[in-house]
Amino acid sequence: MKIEILENFDLLEREPEKFRLDPFQENVLFNLYLEIPVRSSLYMLSPSLSIIYPEQNMEVEDEVEKREETLNRIKRLILETLIKYTAIIEANSYFIEQNDFLLLCRFAEQIGTWGYRLKFYTHNVREIIPNYDDKLYVGHDFLSLSGERDYFGLNDSIPYLDKEFEHIRDKAEEFNLSSPFVRNYLVEMGELVGETLLVWENKKTEVNIDKTSIRRLSKAILNFTEVKHILVELHDEIREFEYRLRKGDEGENHFSRYITKFRKDVVNILHFVNMKLLSRIQFRINSTPE
């Protein structure tokens, strides 16, 4: 049985990095579930790589079993990308811990030859099968099987906001939401998404925090702060729209779930910029003698 995503994994030459995990990260890795596409279905693999949803399939099981070592490397790479390029597990640590450290990683979309967009969820371990649709979305990120990502991974997540917003506009049409307040918010959000991408293209800066000169880091921190500020404006607009939708009719309330996920993705970028990028640059600048 040909399973494209598993055959792509067979070509993986990249090895996980040899850095130490803290106890929380170790628990997440130990309880990491994978959800991989097989034809028109998604197959959920338990941490031990057994198929637990939607059904047992001997052909898929055989293909997975052949790649046990590779899939365990993939799981380690997934955790590494969460640590290096996101703040998802840190920002959602309460919910993840309450769910016995369960984190579900779905391979949602292939991007290019070596890239995948990953969507992450958490759920009560005892309820993940009987109440599969109630899982909590905690964010998305991107996995590169070929190596490092540019601009601290932000060159993946920020431009993708445009694609996410296109999906939201499609959903608004699907739900036949054409009231003036919905149209106005979509226009405002679209303009802010466009402005965010423009600011990013003008201000993105590639630096090595440990080696780049303090003078260049000082310029970089100003640039990344400007990117952060436009993201804050976008987030506030999305949050206001989400609140209005939740107080609306059934269609608007249902549509609000897509807005909530979009807001969470923007929040996750902001968490990463604040917690793992600006703080590290600031520390390097402040700890260097004049």
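Residues numbered from 1 in each chain as written. Predicted model: local features only at pLDDT ≥ 70, side-chain atom pairs only at ≥ 80, totals over all residues. Heavy atoms only, no water.

A few words on the overall build of the protein. If you tally the helices and strands in the protein, you get 11 helices and 6 strands. Its C-alpha atoms give the protein a radius of gyration of 20 Å, within 12% of the compact-globule value 19 Å for 290 residues. Principal axes of the C-alpha set define a box for the protein whose edges measure 55 × 55 × 35 Å. Here the protein holds 290 residues, and 50% of them are scored as buried. Within the protein, contacts between residues separated by at least 24 positions form 70% of all contacts whose residues are at least 6 apart in sequence. Only carbon and sulfur atoms are counted for the fraction: they give 47% of the accessible area of the protein, which is about 15,000 Å². (Helix = DSSP H or I, 4+ residues; strand = E, 2+ residues; numbered from the N terminus. Rg over C-alpha atoms; globule rule 2.2 N^0.38 Å. Buried < 20%, exposed > 50% of the residue type's maximum accessible area, 1.4 Å probe, protein only. Contact = heavy atoms within 4.5 Å. Areas by Shrake-Rupley, 256 points an atom, 1.4 Å probe, with all protein chains shown as cover.)

Turning next to the sheet that holds strand 6 (residues 136–144). Pairing in this open sheet of 6 strands is mixed, and the strands run 3-2-1-4-5-6 from one edge to the other. Across the chains shown, the open sheet's two edge strands, defined by having one partner strand only, are strand 3 (51–53) and strand 6. Taking each pair of neighbouring strands and ignoring which way they run, the sheet shows an average axis angle of 30 degrees. In terms of strand pairing, strand 2 (residues 41–45) meets strand 3 through 2 bridges, oriented antiparallel. Its bridge partner being in strand 3, Met-44 is matched across the sheet by Tyr-53. (Pairing = 2+ DSSP bridges. Axes fitted to C-alpha atoms, helices over the stretch in contact; angles between N-to-C directions.)

Here we come to the packing of aromatic side chains. Two measures describe an aromatic ring pair: the distance that separates the ring centres and the angle between the ring planes. Here the structure, examined in full by the defined rule, presents 17 aromatic pairs. Note on Phe-24 and Phe-101: the rings are 5.5 Å apart at their centroids and 65 degrees apart in plane angle, and the pair reads as edge-to-face. Taken together, the positions of Phe-24 in helix 2 (residues 23–30) and Phe-101 in the loop between helix 6 (93–98) and strand 4 (103–111) put the pair 77 residues apart, joining distant regions of the chain. The class of Phe-101 is buried, set by a relative accessible area of 17%. When the centroid spacing of 5.9 Å and the interplanar angle of 80 degrees are considered together, the rings of Tyr-151 and Trp-200 count as edge-to-face. Placement of the pair is Tyr-151 in the loop between strand 6 and helix 7 (154–157) and Trp-200 in helix 9 (residues 180–203), with a sequence separation of 49 residues. (Phe/Tyr/Trp six-rings, centres within 6.5 Å; stacked < 30°, edge-to-face > 60°.)

All right, on to the environment of Val-60 then. Here Val-60 is to be found in helix 3 (residues 58–66). Not counting chain neighbours up to four residues away, the residues in contact with Val-60 comprise Met-1, Ile-3, Val-38, Tyr-43 and Ile-51.

Attention now moves to a negative patch on the surface. Side chains of Glu-59, Asp-62, Glu-65, Glu-68 and Glu-69 sit close together on the surface and give a patch of like negative charge. For the negative patch, the secondary structure elements donating two or more residues are helix 3 and helix 4 (68–85). At 3 residues, helix 3 tops the list of elements feeding residues into the negative patch. Topologically, Glu-69 is positioned in helix 4. Overall, the relative accessible area of 65% leaves Glu-69 in the exposed class. (Patch = residues over 30% accessible without salt bridge, like charges linked within 9 Å, V, L, I, M, F, W, Y side chains within 5 Å. Salt bridge = Lys/Arg side-chain N within 4 Å of Asp/Glu carboxyl O. Lys, Arg positive; Asp, Glu negative; His and termini not counted. Charge placed at Lys NZ, Arg CZ, Asp CG, Glu CD.)

All right, on to the pattern of salt bridges then. For the coordinates displayed, the defined rule picks out 19 salt bridges. Here Lys-84 makes a salt bridge to Glu-17, at a shortest N to O gap of 2.8 Å. Placement of Lys-84 in helix 4 and of Glu-17 in the loop between helix 1 (4–10) and helix 2 is noted, with a sequence separation of 67 residues between them. For Lys-84, a relative accessible area of 28% gives the class partly exposed.

All right, on to the nonpolar core then. Residues Leu-154, Phe-224 and Phe-241 are the most contacted members of the largest nonpolar core, which totals 43 residues. For this core, the secondary-structure elements that each account for two or more residues are helix 8 (160–174), helix 9, helix 10 (214–246) and helix 11 (250–286). Sorting elements by how many residues they give to this core places helix 11 first, with 12 residues. The contacts of Phe-241, once residues within four sequence positions are left out, are Phe-181, Val-182, Tyr-185, Leu-186, Met-189, Phe-255 and Ile-259. Counting residues in hydrophobic clusters, the runner-up holds 38 residues, among them Val-60, Val-64, Ile-89 and Phe-101. (Core = buried A, V, L, I, M, F, W, Y, C linked by side-chain atoms within 4.5 Å.)

Functional significance is not addressed by these values, which are geometric in nature.
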